[in-house]
Amino acid sequence: MIDKINSLREEIRKTFPGRDIDPEAFRIKYLSRKGIISSLFEEFRNIDSSQKKIVGKLLNELKKEVIEKFNELKSFEISSEEKISESDLTKSAFPIFSGSRHPISIIRNEIIDIFKRIGFTITEGPEIEDDDHVFSRLNFAPEHPARDMQDTFYILRIYDDQSDPDDILLRTHTSSVQVRVMQSTKPPIRTISPGRVFRNEAISARAHCIFHQVEGLYIDKNVSFADLKQTLLFFAVEMFGPETKIRLRPSYFPFTEPSGEMDVSCKICGGSGCNVCKYTGWLEILGCGMVHPNVLVACGIDPKIYSGFAFGMGIERLAMLKFQINDLRLFFENDRRFLEQFSKVF
Ligand code: PHE
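Procedures and definitions
Residue positions are given per chain, counted from 1 along the sequence in the order it is written. For this predicted model, a pLDDT threshold of at least 70 governs which residues receive local features, and a threshold of 80 or more governs which side-chain atom pairs are given and counted, while totals over whole chains, interfaces and linings are taken from all residues. Excluded from the side-chain calculations are hydrogens and water; all other atoms, namely the structure's heavy atoms, are used. Helix numbers and strand numbers start at the N terminus; a helix is a DSSP run of H or I with at least 4 residues, a strand a run of E with at least 2. For a compact globule the rule gives 2.2 Å times the number of residues to the power 0.38, and the radius of gyration it is set against comes from C-alpha atoms. To sort residues, take the accessible area from a 1.4 Å probe on protein chains only and compare it with the maximum for the residue type: under 20% means buried, over 50% means exposed, and anything in between is partly exposed. What makes two residues a contact is simply this: any of their non-hydrogen atoms within 4.5 Å. Here the open area of atoms and residues is found with the Shrake-Rupley method and a 1.4 Å probe, where only the protein chains shown may cover a residue. Note that His is not counted, nor are the chain ends; the positive residues are Lys and Arg, and the negative ones are Asp and Glu. By convention, the charge on Lys lies at NZ, on Arg at CZ, on Asp at CG and on Glu at CD. It suffices for a single heavy atom of a residue to lie within 4 Å of a molecule or strand for the residue to be listed as near it. Here a polar contact means two N or O atoms within 3.5 Å. Within protein one must be a hydrogen donor candidate and the other an acceptor candidate, and residues neighboring in sequence count only if both atoms are side-chain atoms. Buried Ala, Val, Leu, Ile, Met, Phe, Trp, Tyr and Cys residues form a nonpolar core when they are joined through side-chain atoms within 4.5 Å. We treat two strands as partners when DSSP finds at least two bridges between them. All axes here are fitted lines through C-alpha atoms, helices being fitted over the stretch that makes contact, and every angle between N-to-C directions spans 0 to 180 degrees. For salt bridges, the criterion is a side-chain nitrogen of Lys or Arg within 4 Å of an Asp or Glu carboxyl oxygen. Per the annotation, domain bounds derive from an automatic or database assignment of domains. Aromatic rings from Phe, Tyr and Trp, with only the six-membered ring used for Trp, were paired whenever their centres fell within 6.5 Å, and each pair was classed as stacked if the ring planes differed by under 30 degrees, edge-to-face if by over 60, and tilted otherwise.

1. Thoughts on the overall build of the protein
Argument step 1. Scanning the protein from terminus to terminus reveals 12 helices and 9 strands.
Argument step 2. In terms of overall dimensions, the protein is more spread out than a globule: its C-alpha atoms have a radius of gyration of 37 Å, far above the 20 Å expected for 346 residues.
Argument step 3. Out of the 346 residues belonging to the protein, those deemed buried represent 41%.
Argument step 4. The contacts in the protein between residues at least 6 apart in sequence include a share of 66% that link residues at least 24 apart.
Argument step 5. Of the accessible surface of the protein, which amounts to about 20300 Å², a share of 53% is contributed by carbon and sulfur atoms.
Argument step 6. Across the protein, 47 positive and 50 negative side-chain charges occur, with their mean positions spaced 7 Å apart.

2. Topic: the site of the ligand
Argument step 1. As a matter of local geometry, the ligand sits amid 13 residues, with His173, Ser175, Arg199, Gln213 and Glu215 nearest to it.
Argument step 2. Within the side chain of His173, a nitrogen or oxygen atom sits 3.0 Å from a nitrogen atom of the ligand.
Argument step 3. Between the ligand and Ser175 there is a distance of 3.2 Å, counted from a nitrogen atom to a side-chain nitrogen or oxygen.
Argument step 4. Out of a free accessible area of 330 Å², the ligand has 89% covered by protein chains.
Argument step 5. At the level of elements, β5 (210–220), β8 (282–291) and β9 (307–314) are the ones that each hand at least two residues to the shell around the ligand.

3. Some thoughts on the environment of Leu321
Argument step 1. Along the polypeptide, Leu321 turns up in helix α10 (residues 315–323).
Argument step 2. Owing to a relative accessible area of 11%, Leu321 belongs among the buried residues under this scheme.
Argument step 3. Put simply, Leu321 and Lys267 are 54 residues apart on the chain and 8.8 Å apart in space, counted from C-alpha to C-alpha.
Argument step 4. Not counting residues within four places of it along the chain, the set of residues in contact with Leu321 comprises Val276, Leu283 and Ile285.

4. Regarding the nonpolar core
Argument step 1. By size, the foremost hydrophobic cluster in this structure holds 44 residues, and its most contacted members are Ile111, Phe235, Ile285, Phe311, Met313 and Leu318.
Argument step 2. When residues of this core are traced back to their parent elements, those giving at least two are α5 (103–116), β5, α8 (225–240), β7 (256–265), β8, β9, α10 and α12 (336–339).
Argument step 3. Broken down by element, the residue count for this core peaks at 7 residues, all from α5.
Argument step 4. Phe311 has contacts with Phe115, Ile192, Val214, Glu215, Gly216, Leu232, Leu286, Gly287 and Cys288, leaving out every residue within four places of it along the chain.
Argument step 5. By size, the runner-up hydrophobic cluster in this structure holds 20 residues, among which are Ile189, Ile219, Val295 and Cys299.

5. What to know about the sheet that holds β8
Argument step 1. Strand order across the open sheet formed by 7 strands is β1-β4-β5-β9-β8-β7-β6, with mixed pairing between neighbours. In this open sheet, the two edge strands, each paired with only one partner strand, are β1 (121–122) and β6 (246–253).
Argument step 2. For β5 and β9, the ladder comprises 8 bridges, and the chain directions are antiparallel. Paired with Val214 across the bridge in β9 is Met313.
Argument step 3. Taken strand by strand, helix α7 (residues 175–184) contacts β4 (189–198), β5 and β9, and its axis lies near 30 degrees from that of β5.

6. Brief notes about the pattern of salt bridges
Argument step 1. With the rule as written, the count across this model stands at 22 salt bridges.
Argument step 2. Its salt-bridge partner being Lys322, residue Glu110 comes within 2.7 Å of it at the nearest N-O pair. Residue Glu110 is located in helix α5, and its partner Lys322 is located in helix α10; the two are separated by 212 residues in the primary sequence.
Argument step 3. Linked by salt bridges that have partners in common, Arg9, Arg13, Lys57, Glu61 and Glu65 make up one network.

7. What to know about the domain arrangement of the protein
Argument step 1. As far as domains go, the protein holds domain 1 (2–86) and domain 2 (103–129 + 171–342).
Argument step 2. Just the C-alpha atoms count here: the centres of domain 1 and domain 2 sit 76 Å apart.

8. A look at unusual backbone geometry
Argument step 1. In this structure, the amide linkage connecting Pro187 to the following residue, Pro188, adopts the cis form with an omega of 5 degrees.
Argument step 2. With respect to the helices, strands and loops of the structure, Pro188 is situated in the loop between α7 and β4.
Argument step 3. Backbone torsion omega between Glu257 and Pro258 reads -5 degrees, so that peptide bond is classified as cis.
Argument step 4. In this structure, Asn139 is a non-glycine residue whose phi angle is positive, near 70 degrees.
Argument step 5. Looking at the secondary structure, you find Asn139 in the loop between α6 (131–134) and β3 (168–170).
Argument step 6. The class for Asn139 is partly exposed, based on a relative accessible area of 25%.
Argument step 7. Here Asn222, not a glycine, exhibits a phi torsion of approximately 60 degrees, which is positive.
Argument step 8. Within the fold, Asn222 resides in the loop between β5 and α8.

9. Quick look at the packing of aromatic side chains
Argument step 1. Enumeration according to the criterion identifies 14 aromatic pairs in this entry.
Argument step 2. Between the aromatic rings of Phe115 and Phe120, the centroid separation amounts to 5.3 Å while the plane-to-plane angle is 75 degrees, which identifies the pairing as edge-to-face. We note that Phe115, like Phe120, is buried.
Argument step 3. Taking 4.9 Å as the distance between ring centres and 70 degrees as the angle between the ring planes, the aromatic pair formed by Phe135 and Phe140 counts as edge-to-face.
Argument step 4. A residue is classified by how much of its surface remains accessible, and Phe135, at 1% relative accessible area, is buried.

10. Section: the pairing of β5
Argument step 1. Counting buried positions over the 11 residues of β5 gives 9, a clear majority of the element.
Argument step 2. Here β4 pairs with β5 via 10 bridges, running antiparallel. In the strand pairing of β5, Gly195 is matched with Gln213.

Below, the structure is given as structure tokens:
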């Protein structure tokens, strides 16, 4: 039996990892219940007791060596498989897992695309603004509540001059971009300004201190309220479908006169009333109006020659309506379970 153990030992020592060695076959041959090592232990039971001590020691050593060899063969197999898969040029490239666009980006791109088709350009401006562009030139009276600390995030500065401490702030709407366009461009102007805006609001399912807007401005000779209405109808139909109806209600903004708010017929219930439209059949989606002559003057445009309209909408609100999302906070949390639902949209 000692000879048998020694020759097996030789055999094991001559076994090296390689393509022609299958670790599983090795395990079955030596280590399984009916394998060589088991049968040797079986044989061991019947040998002369004077031999038991020395044979038992040899047998245990052999078993240990076989197990070590098996582990060596197995680890070689894993690492060589990894190497092959790293450089396997015949492997299929598909499926490719791409990321998904954020729902806010999807809706923003859709809005931009619709207005681009009727000749609007896209302009962007700074998020950190001054009172002049966000309020003063837009005909906000000095005591207007929107300038109040409740709504606006003011930025404190370290002063090296004597300038007004409330001068710098985070824009509360992208109308400030339109002021910049009017100051630097001769009409006709036809532009939309998408961007992030900031308001000092408590965060809830329906409000956030950061959100996104798209505001539009059209200035030319003889621009009328009918042009505004037609443009917004085109937008609503493109955005929500051919059956969509619009409704304009009178409203107030310091920078437009007359001012309005636009509702679209509720797509969910078709206008008959549901909990999304609070049983009115209508959903409010934007503010609009004819640019106030004071604004034109403040921005260097002669209101006797030119007139114009403006409108502004919140992207989150449109995304919530379009995708049936009921909590605004989801847009800002970057939860993959939420975001991955939009991967098929684009
Ligand atoms: N600036 C307004 C807001 O942020 C929206 C608006 C834009 C209203 C243009 C009328 C005209 O709420």
